[in-house]
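Remarks on the overall topology
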Amino acid sequence: MANKLVKNAAGREVVAEINGQQAIPFKGVGKHKPEGRKYAPPISRCADYPDNGDKRVSTLKEALVKAGIKDGMTVSTHHHFRNGDLLANDLFDAVSELGIKDIRWFPSASFPCHEHIIQYIKDGTIHHIEGSMNGPLGKYVSEGNMRGMAVLRSHGGRYQAVQDGEVEIDIAVIGAPMADPFGNANGLEGDSACGLLGFALADSQYADKVIIVTDNMVPFPCIPWQIQGNYVDFTVEVPKLGIPERIVSGTTKITKSPDRLLLAELTAKFCDAAGIIRDGFSFQSGAGGTSLAVGEFFKSIMEEKGIKARFARGGSNKYLVSMLEEGLIDYILDGQTFDLDGVRSMRDDPRHVWTSPFTSYNYHGKGNFAPLVDVAILGATEVDVNFNANVVTHSDGYLLHGIGGWQNCLFSKTVILPLPLMRDRVPVIIDEVTTLCGPGELIDVIVTERGIAINPLRKDLIEAVKDSGLPLKPIKELKEEAERICGKPRKSKLDEKVIAAIKWVDGTVIDVVRKVIVE
Amino acid sequence: MKKIVVVGNTGPRVRSDCELKLELKSGGGISINLQSKVKAMYGDSITRTLKDGLDFFEIKDAVIDINDSGALQFVHMARLEAAVKSLVKTEKNLLPELSEYNMYQSSRDRFRFSRLYLPGNTPSMMLNAGLHSPDGIILDLEDSVAPSKKHEARFLVRNALRQVNFYGAERMVRINQGERGIEDLEYVLPHNVHLILVPKCESSEHLVELAKRSEKILADNNIKQDIYFMPIIESALGVEKAYEISSAVDNVVAIAIGLEDYTADLGVQRTNEGSESLYARLRLVNAAKAAKIQPIDSVFSDVSDMEALKANAKKSKSYGFEGMGCIHPRQIDVIKNSFAPEPEEIRKASDIVKAFREAEDKGLGVVSIGSKMIDPPVVARAHRIINLAKKLNLIPDDMDNNEND
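Residues numbered from 1 in each chain as written. Chains lettered and ligands numbered in written order. Predicted model: local features only at pLDDT ≥ 70, side-chain atom pairs only at ≥ 80, totals over all residues.

1. Comments concerning the overall build of chain B
Along its length, chain B carries 13 helices and 14 strands. Structurally, chain B occupies a C-alpha span of about 90 × 45 × 45 Å along its principal axes. Counting the 405 residues in chain B, one finds 46% classified as buried. (Helix = DSSP H or I, 4+ residues; strand = E, 2+ residues; numbered from the N terminus. Buried ≥ 20, exposed ≤ 12 C-beta atoms within 10 Å, placed from the backbone.)

Here it is in structure tokens:
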């Protein structure tokens with residue numbers, strides 16, 4: 001079945017309708033300005049809740065029934081337990097046992113551990129997923145096996161979709177490493193400690209019904225209350241929410257790959273040459289192999305210069321924490337915690353601040369702090385010669401990754417993508433990205449092991465590093481170099497059918513993902 | 001006659017390689033079953049390469065099962081040729097183009113501070129090696145290649161010499177020991193190799209034999225080019241014969257020591273501190289200097305301990321060594337920096353060179369700084385340090401020093 005398509009401002013053919021809801025095509029960066037009032041959940045009344053503050057029910061299934069679960073509802077979860085999550089699987093086991101069908105699952109992201117859920121897409125329990133799909137779910141959906149169309153949003157875009165009322169969450173199921181019977185919750189303590197619960201904040205505030213599920217129930221008050229019990233309808237105690245070593249790693253290790261280290265070193269040298277690393281600067285560093293190493297190279301440059309950063313935006317991990325503790329950073333503004341040192345630091349150090357997509361990325365706030373970051377070091381699966389980038393699909397068309405905060409971070413003052421010029425034989429810089437996730441005008445520098453390309457729009461950066469001795473090359477030259485080594489790749493043939501829509505941070509549709517043809 | 005052979009590598013950790021099974025048939029034409037993670041983008045091109053290759057070897061009926069993990073074309077060609085030559089006798093070579101960027105030459109006395117070892121049957125490590133800027137890249141046919149893979153590695157190394165960009169590094173191959181090593185020369189010499197590492201060298205006769213064979217291969221291929229040798233001393237006997245080996249043939253430009261095998265031969269433990277091999281190392285340095293070639297130290301095997309590597313390299317330099325082997329690209333910079341002249345060394349050398357110039361200008365026969373006379377060997381060493389510093393970009397090229405020693 002062909003979808004009705006319209007061309008958006010980025011020149012991509014996108015769907016005009018998603019699962020029966022009208023969709024707005026991407027209009028350009030900063031062009032879409034919706035008006036009116038935000039969505040609000042129904043009025044709740046204290047009188048309807050127990051005076052003793054004890055909202056416990058005995059099982060998740062019972063909580064779902066009490067929350068009024070029905071066919072076709074929207075159920076949300078968060079992904080702070082990453083690949084160690086057990087809750088979403090348990091949740092859909094319960095939904096299925098209740099005989100409920102056609103659920104729209106609205107996770108902030110899903111992971112390979114959720115492969116279990118494929119059976120519920122097959123049997124009709126789930127109609128479609130709106131959220132990032134990392135791994136097997138993405139592969140399953142790519143091959144055209146889901147009834148509805150998937151929708152992928154950034155962390156900020158997810159908050160915006162909730163505030164617009166584009167996604168009305170009927171029931172939010174929030175796993176909490178520590179909670180009290182009233183529903184106050186945090187991610188800081190317990191076997192499933194994950195640091196913070198920022199990705200569930202919108203869900204708690206806007207869902208009709210909110211269920212807190214914990215494996216670590218403590219007497220009131222659960223402090224700090226990252227999620228406030230005043231939003232919560234029911235609390236449930238379960239034996240186990242997740243597999244700790246897959247939630248956060250015991251200890252993060254920096255890559256030993258010489259090629260990644262070379263990329264990281266070049267990136268840090270570029271930042272230094274461009275004057276970005278100066279006293280009081282700020283940076284975003286991820287937890288990927290290269291990003292971690294960039295942080296370490298930053299650290300040695302900062303130590304050498306005797307300067308410190310005002311704040312680092314994480315993904316926190318032991319390396320970032322050590323910079324905080326050694327006085328090289330004033331604050332960590334943390335979006336998710338990747339290891340036990342990160343969790344400990346967030347719990348014990350007031351300078352290690354838990355944030356949410358509202359403070360960091362939200363489009364419907366009166367500003368957010370993403371544009372205040374001096375430099376963001378991000379990844380991508382592909383970049384094209386116009387600096388447009390893809391983070392969700394591979395060159396063969398498979399949708400295997402989520403957007404995360406990536407789109408939101410593009411608003412940082414300087415965006416750098418350190419990327420290998422090819423992954424095995426697949427060139428990373430190509431003529432046109434398979435899926436457009438970020439417009440080239442927001443992407444400033446591509447660092448590869450064979451040269452650094454600066455976006456011609458950034459005349460200031462070009463000027464700043466022109467005498468640095470760094471291997472600067474036009475992006476087209478890098479593309480040609482990759483093709484010389486790998487051979488020119490054939491563009492993957494994809495089916496007409498659209499299997500997913502990619503939203504921009506403002507809720508407009510920037511691109512679509514098509515079904516992969518399986519030979 | 002054998003009809004089926006499997007070459008190459010596959011497995012969850014294998015990248016940029018392929019496993020290729022070739023079965024010769026007596027009819028039915030060519031059939032290729034390709035499994036590849038890059039099939040959507042390169043499936044046609046891989047199939048074409050293999051068909052063209054079979055055609056080149058005039059094989060009309062065969063089945064190929066190939067499991068590809070993103071190998072480049074020169075790897076497919078090498079794997080196919082290795083498979084074909086395991087089953088069929090042929091004189092033909094399926095050569096990829098010798099890339100223009102690999103046509104540069106080396107020189108006898110170029111720096112050999114860092115030389116990076118790459119296993120000769122592992123394509124994934126080859127592609128980016130030159131980007132880490134070692135002085136030399138060694139494609140190894142010896143210890144890093146399993147006995148059952150020796151044959152196929154020759155084709156891969158040969159094709160890598162033709163296709164992989166070495167980014168200006170000296171192009172080196174470590175051949176096998178003994179007769180097999182002599183055979184290796186046929187595979188690599190016609191493809192612009194600069195230097196051959198000769199492992200477990202214990203006699204000058206072996207080097208004479210290698211030199212003779214090299215000369216013949218080059219002449220047969222109409223190549224006018226010097227081939228350099230770096231024998232590696234890895235035994236007590238080799239150490240005793242260090243000078244003889246160093247001066248065996250003109251091709252020898254450097255002599256290296258391999259301490260893992262040497263300490264094993266001695267029956268002692270190798271330590272980081274290295275007192276057990278002090279005699280051998282000093283003897284080797286002295287032999288090399290006597291033969292006017294470069295003495296090169298062993299690799300340092302703890303790739304995670306950069307501080308220990310640094311200490312080791314500095315000690316090595318103080319003994320008179322002029323380089324070390326590397327087994328991880330991150331060791332390259334540490335080694336280069338350790339062998340490079342220190343700022344204080346450069347400052348002193350620059351003062352001496354300046355004094356030398358002034359003396360020359362004034363027509364004085366004696367160089368002095370203040371009241372201190374400077375002997376000619378000290379002046380020569382100062383020139384050497386200044387030249388070294390320039391080549392390493394530690395000081396500007398136009399600094400006053402015309403001496404080219």
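2. Section: the overall build of chain A
If you tally the helices and strands in chain A, you get 15 helices and 29 strands. Taken against the 2.2 N^0.38 rule, which gives 24 Å for 519 residues, the C-alpha radius of gyration of chain A at 23 Å falls within 12% of a compact globule. Over its C-alpha atoms, taken along the principal directions, chain A stretches across nearly 70 × 55 × 40 Å. A total of 519 residues make up chain A; the buried ones form 57% of that total. In chain A, of all internal contacts separated by at least 6 residues, the share reaching a separation of at least 24 is 72%. (Rg over C-alpha atoms; globule rule 2.2 N^0.38 Å. Contact = placed C-beta atoms within 7 Å.)

3. Regarding the interface of chain A and chain B
With 17 residues of chain A at the contact, the number on the chain B side is 19 residues. If you list the elements that add at least two residues to the side of chain A that touches chain B, you get α8 (258–273) and α15 (475–486) of chain A. For the side of chain A that touches chain B, the element with the highest residue contribution is α8(A), accounting for four residues. In terms of residue class, the side of chain A that touches chain B is made up of seven nonpolar, three polar and seven charged. (Nonpolar A, V, L, I, M, F, W, Y, C, P; charged D, E, K, R; others polar.)

4. Description of the sheet that holds strand β26 (residues 445–448) of chain A
Residues and elements named next belong to chain A. Sheet architecture is open: eight strands sit in the order β18-β17-β16-β15-β19-β22-β26-β27, paired in mixed fashion. Edge positions in the sheet fall to β18 (352–354) and β27 (451–454), since each of these pairs with one other strand and no more. Along the sheet, successive strands turn relative to each other by an average axial angle of 20°, direction set aside. Judged from the six bridges that link them, strand β16 (residues 309–316) and strand β17 (residues 329–337) form a sheet pairing that is parallel. Opposite Arg313, over in β17, you have Leu333 as the bridge partner. (Pairing = 2+ DSSP bridges. Axes fitted to C-alpha atoms, helices over the stretch in contact; angles between N-to-C directions.)

5. Some words on the packing of helix α10 (residues 306–319) of chain B against helix α11 (residues 330–339) of chain B
All names here are of chain B. In contact at an axis separation of 9 Å, α10 and α11 are set at 35° when each is read in the N-to-C sense. Once α10 is placed against α11, the crossing between them reads as right-handed. Contacts between α10 and α11 pair Met306, Leu309, Lys310, Ala313, Lys314 and Lys317 from the former with Gln331, Val334, Ile335, Ser338 and Phe339 from the latter. When its residues are assigned to classes, the contact of α10 with α11 shows six nonpolar, two polar and three charged. (Left-handed = near helix turned anticlockwise from the far one by under 90°.)

6. A word on the domain arrangement of chain A
Put simply, an interface is often sized by how much accessible area is lost when its parts join up. All names here are of chain A. When the domains of chain A are assigned, the result is domain 1 (57–245) and domain 2 (258–492). Relative to domain 2, the C-alpha centre of domain 1 lies at a distance of 29 Å. Taken together, the contact between domain 1 and domain 2 spans 30 residues of the former and 30 residues of the latter. Secondary-structure elements contributing two or more residues to the side of domain 1 that touches domain 2 are α4 (136–142), α5 (155–164) and α6 (201–206). Per-element tally for the side of domain 1 that touches domain 2: the top contributor is α5, with seven residues. Partitioned by chemical class, the residues of the side of domain 1 that touches domain 2 number 12 nonpolar, 15 polar and three charged. (Domains from an automatic or database assignment.)

7. Remarks on the nonpolar core
Nonpolar side chains tend toward joint burial in soluble globular proteins. If you look at the biggest cluster of nonpolar residues, it comprises 265 residues, and the most contacted ones within it are Ile174(A), Ile211(A), Ala500(A), Met230(B) and Ile255(B). Each residue touching Ala500(A), except ones within four places of it in the same chain, is listed here: Val141(A), Met149(A), Ala150(A), Val151(A), Leu152(A), Leu399(A), Val512(A) and Val513(A). Of all hydrophobic cores here, the second largest spans 11 residues; its members include Ile346(B), Ala382(B), Ile385(B) and Ile386(B). (Core = buried A, V, L, I, M, F, W, Y, C linked by C-beta atoms within 7 Å.)

8. Let's talk about the sheet that holds strand β21 (residues 389–390) of chain A
Strands in a sheet are paired, the pairing made by backbone hydrogen bonds, and the direction either parallel or antiparallel. Residue and element names in this part refer to chain A. Read across the open sheet, the three strands follow the order β21-β20-β25; overall the sheet is mixed. Of all the strands in the sheet, the pair left with one neighbour each is β21 and β25 (429–430). In terms of strand pairing, strand β20 (residues 382–384) meets β25 through two bridges, oriented parallel. Pairing of Val383 across the sheet is with Ile429, part of β25.

9. Digging into the pairing of strand β14 (residues 234–237) of chain A
Residue and element names in this part refer to chain A. Of the strand pairs in this sheet, strand β5 (residues 56–57) and β14 are connected by two bridges, and their pairing is parallel. Directly across from Val57, in β14, lies its bridge partner Val236. Of the pairings in the sheet, the one linking strand β13 (residues 209–214) to β14 comprises four bridges and is parallel in character. Within β14, the residue paired with Thr214 across the bridge is Glu237.

10. Focus: the domain arrangement of chain B
Assigned domains of chain B: these are domain 1 (4–87), domain 2 (101–339) and domain 3 (343–391). The C-alpha-based centres of domain 1 of chain B and domain 3 of chain B are spaced at 62 Å.

11. Concerning the packing of helix α1 (residues 39–56) of chain B against helix α2 (residues 73–87) of chain B
Residues and elements named next belong to chain B. The contact between α1 and α2 brings their axes to 10 Å, and the two run at 35°. By crossing handedness, the relation of α1 to α2 is classed as right-handed. Contact residues: α1 offers Ile46, Thr49, Leu50 and Gly53, while α2 offers Gln73, His76, Met77 and Leu80. When grouped by side-chain class, the residues that make up the contact of α1 with α2 number four nonpolar, four polar and no charged.

12. Re α10(B)
All names here are of chain B. When the terminal C-alpha atoms of α10 are compared, their 20 Å separation across 14 residues agrees well with the 20 Å that a helix rising 1.5 Å per residue should span. Those residues of α10 that sit buried are Leu309, Asn312, Ala313, Ser316 and Lys317. Along the axis of α10, the buried positions cluster into a sector of 135°, meaning they face one direction only. Exposed residues lying more than 90 degrees from the buried face of α10 are Glu307 and Ser318. Looking one or two residues past α10, Gly320 carries a phi angle of roughly 115°, positive in sign. (Expected span 1.5 Å × (residues − 1). Arc of directions from axis to C-beta.)

13. Description of α5(A)
Residue and element names in this part refer to chain A. Counting buried positions along α5 gives nine out of 10 residues, so the element sits mostly inside the fold. Those residues of α5 that are buried are in contact with α6, α12 (357–360), α13 (406–409) and β28 (494–503). Just downstream of α5 lies Gly165, where phi reads positive at about 80°.

14. Some points on the environment of Leu284(B)
Residues and elements named next belong to chain B. By the element assignment, Leu284 lies in helix α9 (residues 278–290). For Leu284, a count of 29 C-beta atoms within 10 Å corresponds to the buried category. In sequence terms Leu284 and Tyr243 are 41 residues apart; their C-alpha atoms lie 7.7 Å from each other. If sequence neighbours within four positions are ignored, Leu284 has contacts with Ile233, Val239, Ala242, Ile255, Ile257 and Pro295.

15. Things to note about the environment of Phe321(B)
Residues and elements named next belong to chain B. Here Phe321 lies in the loop between α10 and β12 (324–326). Measuring from C-alpha to C-alpha, the distance between Phe321 and Asp397 comes to 25 Å, with 76 residues separating the pair along the chain. In contact with Phe321, not counting residues within four places along its chain, are Val285, Pro295, Ile296, Asp297 and Ser316.

16. Thoughts on the confidence of the model for chain B
Residues and elements named next belong to chain B. Here chain B shows a mean pLDDT of 93. Residues at 70 or above account for 98%. Note on residues 401–405: pLDDT is under 50 here. Beyond four places in sequence and across chains, it has seven contacts. Here the predicted complex carries an ipTM of 0.88, next to a pTM of 0.92. (pLDDT = per-residue confidence, 0-100.)

17. Brief notes about the pairing of strand β6 (residues 74–77) of chain A
Within a regular strand, side chains alternate between the sheet's two faces. Examined bridge by bridge, β6(A) and strand β7 (residues 103–107) of chain A share four bridges and lie parallel to one another. Looking at the pairing, Thr74(A) lines up with Arg104(A) of β7(A).

18. What to know about unusual backbone geometry
All names here are of chain A. With omega at -10°, the peptide bond leading from Ile223 into Pro224 counts as cis. Structurally, Pro224 is set in the loop between β13 and β14. Here the residue pair Gly314 and Gly315 is connected by a cis peptide bond, since its omega of 25° sits within 30 degrees of zero. Its location among the elements puts Gly315 in strand β16. For Asp102, which is not a glycine, the phi torsion comes out positive at approximately 60°. Topologically, Asp102 is positioned in the loop between α2 (87–97) and β7. On the neighbour-count criterion, Asp102 (15 C-beta atoms within 10 Å) is partly exposed.

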